[in-house]
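Architecture and fold: a report
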Amino acid sequence: MAQSAFAEMVEKTSPHSVDVTIDRLAAAVEGAGATVFARVDHAAGAAKVDMELRPTQLLIFGNPKLGTPAMLDGQTAGLDLPLRVLAYADAEGVVHVAYHDPATLAQTHGLPADAKYIAMMTGALDKLTSKAVAEE
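Residues numbered from 1 in each chain as written. Predicted model: local features only at pLDDT ≥ 70, side-chain atom pairs only at ≥ 80, totals over all residues. Heavy atoms only, no water.

1. Topic: the packing of helix H1 (residues 18-31) against helix H5 (residues 116-133)
- Two elements in contact, H1 and H5, have axes separated by 8 Å at closest approach and are oriented at 135 degrees. With respect to their mutual orientation, H1 and H5 come out oblique. For the crossing formed where H1 meets H5, the hand is right-handed. Listed contacts from H5 to Thr-21, Arg-24, Leu-25, Ala-28 and Val-29 of H1 are Leu-128, Thr-129, Lys-131, Ala-132 and Val-133. (Axes fitted to C-alpha atoms, helices over the stretch in contact; angles between N-to-C directions. Helix = DSSP H or I, 4+ residues; strand = E, 2+ residues; numbered from the N terminus. Parallel < 35°, antiparallel > 145°, perpendicular 65-115°, else oblique. Left-handed = near helix turned anticlockwise from the far one by under 90°. Contact = heavy atoms within 4.5 Å.)

Dropping the structure here:
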C-alpha cells in the first residue's frame, strides 16, 4: 500500500479499468455486508457539459454500525461519511484508487484516535480496495 504525497490519502494502483475497479469494489462492499449508497461517474458528468475528463468514478458506501458511533462522538463526521473511494485513470492511463485515511476523520472531527470504529474503517477500506485492485 503506497501512501500518496498527502499523508491523509491512501492510494493504490489497479490493473483493471476504472469501471471494472469500481464494479469489483462495489461487489466487495456488498459481499462484506455494507451498503453502496451511490456511484458517481465524474467523466459522464463532464461529458454532459461538453468537457472531457479521464475516467473518474466515486463509490460512496458504508455501514451504519461503524458510521453511527463516529457521528455520536462528533456529529460533523457526517460530512465525511459514508466512506468514499475514488478510482481514476491518470494521464498515462494507469488506474488508481484513492481514499482518505480514516485517522483524518478522527483529527478533523475531534473523534477519539483510538476509537474501535476508526480501526475497523481503516481495515475495511484496506481490505475492500485490495480486493478491487487484485489481479483476480
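2. A short note on the pattern of salt bridges
- Scanning all chains against the criterion turns up three salt bridges.
- We note a salt bridge from Asp-126 to Lys-12, for which the minimum N-O separation is 2.8 Å. Residue Asp-126 is found in helix H5, and its partner Lys-12 is found in strand E2 (residues 9-14); the two are separated by 114 residues along the sequence.
- Taking relative accessible area as the criterion, Asp-126 reaches 29% and is therefore assigned partly exposed.
- Overall, the relative accessible area of 10% leaves Lys-12 in the buried class.
- Across the salt bridge formed by Asp-23 and Arg-39, the nearest N and O atoms sit 2.6 Å from each other. Note that Asp-23 is positioned in helix H1 and Arg-39 in strand E3 (residues 35-41), a separation of 16 residues in sequence.
- Relative accessible area serves as the criterion here: at 34%, Arg-39 is assigned to the partly exposed category. (Salt bridge = Lys/Arg side-chain N within 4 Å of Asp/Glu carboxyl O. Buried < 20%, exposed > 50% of the residue type's maximum accessible area, 1.4 Å probe, protein only.)

3. A short note on the nonpolar core
- Counting residues in each nonpolar core, the largest one holds 32 residues, and the members touching the most others are Leu-25, Phe-61, Leu-111, Tyr-117 and Met-121.
- Mapped onto this core, the elements with two or more residues apiece are H1, strand E4 (56-62), helix H3 (64-73), strand E5 (83-89), strand E6 (95-100), helix H4 (102-109) and H5.
- With seven residues, H5 is the largest single contributor of residues to this core.
- Excluding residues within four positions of it along the chain, Met-121 makes contact with Leu-66, Gly-67, Ala-70, Leu-81, Leu-83, Pro-102 and Leu-105. (Core = buried A, V, L, I, M, F, W, Y, C linked by side-chain atoms within 4.5 Å.)

4. A word on the confidence of the model for the protein
- In this model, the protein carries an average pLDDT of 93, and 95% of its residues clear a pLDDT of 70 or more.
- This model gives residues 1-6 a pLDDT under 50, and the stretch forms 10 contacts once residues within four places in sequence are excluded. (pLDDT = per-residue confidence, 0-100.)

5. Some remarks on H3
- For H3, the complete set of buried residues consists of Leu-66, Gly-67 and Ala-70. Each buried residue of H3 lies within a common arc of 90 degrees when the element is viewed along its axis, so the set occupies one face. For H3, the exposed residues lying more than 90 degrees away from the buried face are Pro-64, Lys-65 and Leu-72.
- Looking at the buried positions of H3, the neighbouring elements they touch are H5.
- Two or three places before Lys-65, at the opening of H3, Asn-63 has a side-chain oxygen 2.8 Å from that residue's backbone nitrogen. (Arc of directions from axis to C-beta. Polar contact = N/O pair within 3.5 Å; in protein donor to acceptor, adjacent residues only side chain to side chain.)

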